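# Structure at a glance
Below are the chains, spelled out letter by letter.
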Protein chains: 2
Amino acid sequence: MADTVNATTHGTCRRWLASGEESPLFPIPPMTLTTLETPVPLVDLDRMERNLDRLAGYTRAHGLALRPHVKTHKSPIIAAAQLQRGAAGVTCATTREAEVMSAVCDDILVAYPPVGEGRLRRLMALASRVRLTVALDSAAAAEALAAAASAAGRRVGVYVEADLGMRRVGLGTPAEIVALARLVASHSSLELAGLTFYPGHIRESVDKQAVALAELRRALDEVIAALTAAGLPPRVVSGGSTPTMMSTHQLPAVTEFRPGTYVFNDRTTAELGACDWDDCALTVLATVVSTAVPGQAVIDAGTKALGREPLRANAGDGFGVLLSHRDVYVRAMSEEHGMLELGSTSWKPRVGEQVRVIPNHVCIVVHLNDVVHGIRGDRVETSWPVEARGR
Amino acid sequence: MADTVNATTHGTCRRWLASGEESPLFPIPPMTLTTLETPVPLVDLDRMERNLDRLAGYTRAHGLALRPHVKTHKSPIIAAAQLQRGAAGVTCATTREAEVMSAVCDDILVAYPPVGEGRLRRLMALASRVRLTVALDSAAAAEALAAAASAAGRRVGVYVEADLGMRRVGLGTPAEIVALARLVASHSSLELAGLTFYPGHIRESVDKQAVALAELRRALDEVIAALTAAGLPPRVVSGGSTPTMMSTHQLPAVTEFRPGTYVFNDRTTAELGACDWDDCALTVLATVVSTAVPGQAVIDAGTKALGREPLRANAGDGFGVLLSHRDVYVRAMSEEHGMLELGSTSWKPRVGEQVRVIPNHVCIVVHLNDVVHGIRGDRVETSWPVEARGR
């Protein structure tokens, strides 16, 4: 990472995050939650900083390179806070994320196949100081990338993607992975930089992950042995997810860790036991707009503010729970309506009352909104745009 | 509607929509689909114009006032095209929609409880030429609105909202509806403008709607009889939805119709039989980025481009179907990945190939994107921002 690039931004963000002052980047007049228009996402800055510190400490303790995925926050301000805590670089999914993050980071992994003319053109146009690595799983993607990199006069790192059970992207057999690694190594405009996988299929609660992790370890070791036998041992092995975040060291081959959700956490993370409820940093502030239908209350956060994401844990209905009443959940939604289930609570919501919802899946909430407010207690301290939203 | 306000915009939009010229508002260099970056929403302009014409003709034929819901398109350009075809005004859900639409329309219904200080402040700040009507279902909302309207020196129309089976917002008994109508009528800053309901619970296919519509008609007539007996007969009865769009005249009491989805339609509308597949005007253009996992192909449209909306019709899996291969559907999604189910097709997708997805629920797709491209055939003719997205 070029110190000249990151020093200023890091300094700014460090000062802001540490001091509790209003952000010098996005100062706003002091206000309380009750003056905010709803629905709007809030980030509890104390909780976020604790989440960032905790995982940075874990990766340091286990000698893992931390390359957080920015898809969760889509903000260069938060990325800078991650880099300031020792992240080696960032992970992006979209071209826009890579472009926005290049303002604060010059070591970027695009963990997404660089397929399509527009995607390649924009990636090759990233500032030349950016060390760019991409993940891919096909000869077609590798050949097109090699040609684009060559034409742009840059050398692009490549992680070959293995499917270790997620069944999304990635090659399934050691032979296929070795063949693609060979193809990558044969191009002078590419650098075979490592092996990557995503264990997003491991959704067991933390206390039941052992079997799944043992299977993952076996499959990963088999791929690494095949690459090593072919004379192409991976320099980097990049893996990990938020649900397995504190178990990543149980896969000794992994050298780099790419969690996303941990910065804010969400109802799924808490239900899986991968964080405490008090570690859920992002909530959606909403207002009760109707109590006309008996047995429910309607808030102004629906699908267009919360997303229709199921709880990706063992059990649980609905689309989010209230921060202050965890026995109340969002049972159903329309585009701008969230129907709160009141069957298990003695709370009697009033029209006009504000509530805060812990969403099932926080990455979608951020993507649905343009602005996030940072709070401490009931005081709105700062505000930042979701700058890498959009395309 | 003030002619001076709408004439220019209507003229512009009429010329653009009718002539097939590039939009004078958002000219873009000529391009073909293959040069577009994906994922991106496309609107087939011929299909959209046919959808707009068809429903305008239906409402004219049945003497219904048409007040289309802009939540589906969130664009003043499309709203202007609806007004140019005879719409009496527009329906909005959010404050931002009302603000954006006030540039092209001065008769706006906010079909959403105007609860919360910020919401009221911004609604009262709409240009004074705008005839504003809001729907509400509580005394608390009515009292706060009356005070805000009085302070702003404006008179605001109110539709009292009835719940006729949807169980979302709306009062459930004639007695409650009469009591709220009386309260509204007692405030000089409010005008009791009518009765509203939303039959969004009627999701039967068009050929099986008769029973549900008969029940709706009975419930509606009962409410109107109670209001009439109380000396408060509703001047406007506002109802209707896209799935029931061509059956609205079977509710003779309804005077105003507020469909949204009909402008683009979607997989749900087609599966219900409320439109033909050829009436689906909006698709998401996507690129195949991986075929590494056997039996599937992965496209770059996932939850963040398509939304995780279920098919809201009788049967059907997945989150969308391909325009050119309706036997292929999006079986599963991650944030930026859509997994195509290939079990019923002989089509062999290649990495880099483009596809077009008809989404389950088009309103969410529009909300997830910032820009929409208008096409005729394979030619990209124009482009417009989703201007009323956001808050």
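Quick look at the overall build of chain A now. A tally of regular secondary structure across chain A gives eleven helices and 18 strands. Its C-alpha atoms give chain A a radius of gyration of 22 Å, within 12% of the compact-globule value 21 Å for 391 residues. For chain A, the C-alpha atoms occupy an extent of roughly 65 × 45 × 40 Å along the three principal directions. Looking at chain A as a whole, 63% of its 391 residues are labelled buried. Pairs at least 24 residues apart make up 69% of the contacts formed inside chain A by residues separated by at least 6 positions. Accessible surface for chain A amounts to roughly 13,200 Å². Of this, 52% is attributable to carbon and sulfur atoms. With 40 positive and 42 negative side-chain charges, chain A shows a spacing of 2 Å between the two charge centroids.

Before going further, it helps to examine the confidence of the model for chain A. Reading predicted coordinates in detail is not appropriate for stretches of low pLDDT. Residue and element names in this part refer to chain A. For chain A, mean pLDDT is 92; residues scoring 70 or higher make up 93% of the total. Segment residues 1–25: pLDDT under 50, and 52 contacts once partners within four positions in sequence are set aside and those in other chains are kept. For this predicted complex, the interface confidence reaches an ipTM of 0.93, while the overall pTM sits at 0.93.

Turning to the packing of helix α6 (residues 139–152) of chain A against helix α7 (residues 174–185) of chain A, a few remarks are in order. A packed helix pair is summarised by two numbers, namely the angle formed by the two axes and the spacing between the axes. Residue and element names in this part refer to chain A. Their axes nearest at 10 Å, the elements α6 and α7 cross at an angle of 10°. As the angle between them shows, α6 and α7 are arranged roughly parallel. Residue-level inspection shows Ala-139, Ala-142 and Glu-143 of α6 in contact with α7, the latter providing Leu-180, Leu-183 and Val-184.

As a further point, take the relation of the copies chain A and chain B. For the pair of chain copies, the relating transformation is a rotation about an axis with a translation along it. Overlay of chain A on chain B (RMSD 0.0 Å): rotation 180°, translation along the axis 0.0 Å. When the rotation and shift are considered jointly, the pair of chain copies conforms to a two-fold rotation axis. In terms of proximity to the rotation axis, the leading residue of chain A is Arg308(A), whose C-alpha is 2.9 Å off the axis.

This brings us to the interface of chain A and chain B. Taken residue by residue, the interface counts 57 residues in chain A and 57 residues in chain B. Between chain A and chain B, the buried area comes to about 4,700 Å², and carbon and sulfur atoms account for 51% of it. Broken down residue by residue, the surface that chain A buries against chain B is led by Arg168(A), Lys304(A) and Arg391(A), which jointly contribute 14%. For the interface between chain A and chain B, the tally reads 32 residue pairs in polar contact (both at pLDDT 80 or more). Residue assignment for the side of chain A that touches chain B shows that the elements contributing at least two residues are α5 (117–124), β11 (282–290), β12 (296–299), α10 (303–306) and α11 (362–368) of chain A. Tallied by class, the residues present in the side of chain A that touches chain B amount to 23 nonpolar, 15 polar and 19 charged.

Pro39(A) follows Thr38(A) through a cis peptide bond whose omega is -5°. Of note in the backbone geometry, Asn265(A) takes a positive phi value of approximately 60° without being a glycine. Following the sequence through the fold, Asn265(A) ends up in the loop between β10 (256–257) and α9 (267–271). A positive phi angle is found at Arg167(B), which is not glycine, with a value near 55°. Mapping Arg167(B) onto the fold places it in the loop between β7 (156–161) and α7 (174–185). Taking the relative accessible area as the measure of exposure, Arg167(B) reaches 46% and is therefore partly exposed.

Throughout the structure, instances matching the rule amount to 54 salt bridges over all chains. Between Glu309(B) and Arg308(A) there is a salt bridge, and its shortest N-O distance comes to 3.0 Å. With Glu309(B) in the loop between α10 (303–306) and β13 (320–322) and Arg308(A) in the loop between α10 and β13 (320–322), this pair bridges two chains. Here the two residues Glu309(B) and Arg308(A) agree in accessibility, since each one is buried. A salt bridge links Glu335(B) to Lys304(B), with the shortest nitrogen-to-oxygen separation between them at 2.8 Å. You can see Glu335(B) sitting in the loop between β14 (329–333) and β15 (338–341) and its partner Lys304(B) sitting in helix α10, a full 31 residues away along the chain.

Our next topic: helix α3 (residues 76–84) of chain A. All names here are of chain A. Most of α3 is tucked away, with eight of its nine residues classed as buried. Along α3, the positions that sit buried rather than exposed are Pro-76, Ile-77, Ile-78, Ala-79, Ala-80, Ala-81, Gln-82 and Leu-83. Taking the backbone nitrogen of Ile-77 as reference, a side-chain oxygen 3.1 Å away marks Ser-75 as the first, capping residue of α3. Taken from the residues just after α3, Gly-86 is the one with a positive phi, measuring 105°.

Residues and elements named next belong to chain A. Strand order in the open sheet formed by eight strands is β3-β10-β9-β8-β7-β6-β5-β4, with parallel pairing between adjacent strands. In the strand order of this sheet, the two ends are held by β3 (65–66) and β4 (90–92), each with one partner. Bridge count for strand β7 (residues 156–161) against strand β8 (residues 190–196) is six bridges, and the pairing is parallel. Among the inter-strand pairings, Gly-157 is bridged to a residue of β8, identified as Glu-191.

A few words on the packing of aromatic side chains. Residue and element names in this part refer to chain A. Enumeration over the complete set of coordinates arrives at two aromatic pairs over all chains. With a centroid separation of 6.4 Å and an interplanar angle of 70°, the aromatic rings of Tyr-58 and Phe-257 are classed as edge-to-face. Of the two residues, Tyr-58 sits in helix α2 (residues 45–61) while Phe-257 sits in strand β10, which places them 199 residues apart along the sequence. Accessibility expressed as a relative area gives 9% for Tyr-58, which makes it buried. Seen from the ring of Phe-319, Arg-308 lies directly overhead, with NZ or CZ sitting 5.7 Å from the centre.

Before going further, it helps to spend a moment on the side chain of Asp300(B). On the secondary structure map, Asp300(B) appears in the loop between β12 (296–299) and α10. There is a polar contact of 2.6 Å between the side chain of Asp300(B) and the side chain of Thr38(B). Beyond its immediate chain neighbours, meaning those up to four positions away, Asp300(B) contacts Tyr112(A), Arg119(A), Thr38(B), Pro39(B), Ala286(B), Thr287(B), Val289(B) and Glu336(B).

Reading guide: rules and limits
Residues numbered from 1 in each chain as written. Chains lettered and ligands numbered in written order. Predicted model: local features only at pLDDT ≥ 70, side-chain atom pairs only at ≥ 80, totals over all residues. Heavy atoms only, no water. Helix = DSSP H or I, 4+ residues; strand = E, 2+ residues; numbered from the N terminus. Rg over C-alpha atoms; globule rule 2.2 N^0.38 Å. Buried < 20%, exposed > 50% of the residue type's maximum accessible area, 1.4 Å probe, protein only. Contact = heavy atoms within 4.5 Å. Areas by Shrake-Rupley, 256 points an atom, 1.4 Å probe, with all protein chains shown as cover. Lys, Arg positive; Asp, Glu negative; His and termini not counted. Charge placed at Lys NZ, Arg CZ, Asp CG, Glu CD. pLDDT = per-residue confidence, 0-100. Axes fitted to C-alpha atoms, helices over the stretch in contact; angles between N-to-C directions. Parallel < 35°, antiparallel > 145°, perpendicular 65-115°, else oblique. Least-squares fit on C-alpha atoms with pLDDT ≥ 70 in both. Buried area = accessible area lost by both parts, 1.4 Å probe. Polar contact = N/O pair within 3.5 Å; in protein donor to acceptor, adjacent residues only side chain to side chain. Nonpolar A, V, L, I, M, F, W, Y, C, P; charged D, E, K, R; others polar. Salt bridge = Lys/Arg side-chain N within 4 Å of Asp/Glu carboxyl O. Pairing = 2+ DSSP bridges. Phe/Tyr/Trp six-rings, centres within 6.5 Å; stacked < 30°, edge-to-face > 60°. Lys NZ or Arg CZ within 6 Å of the ring centre and 35° of its normal.

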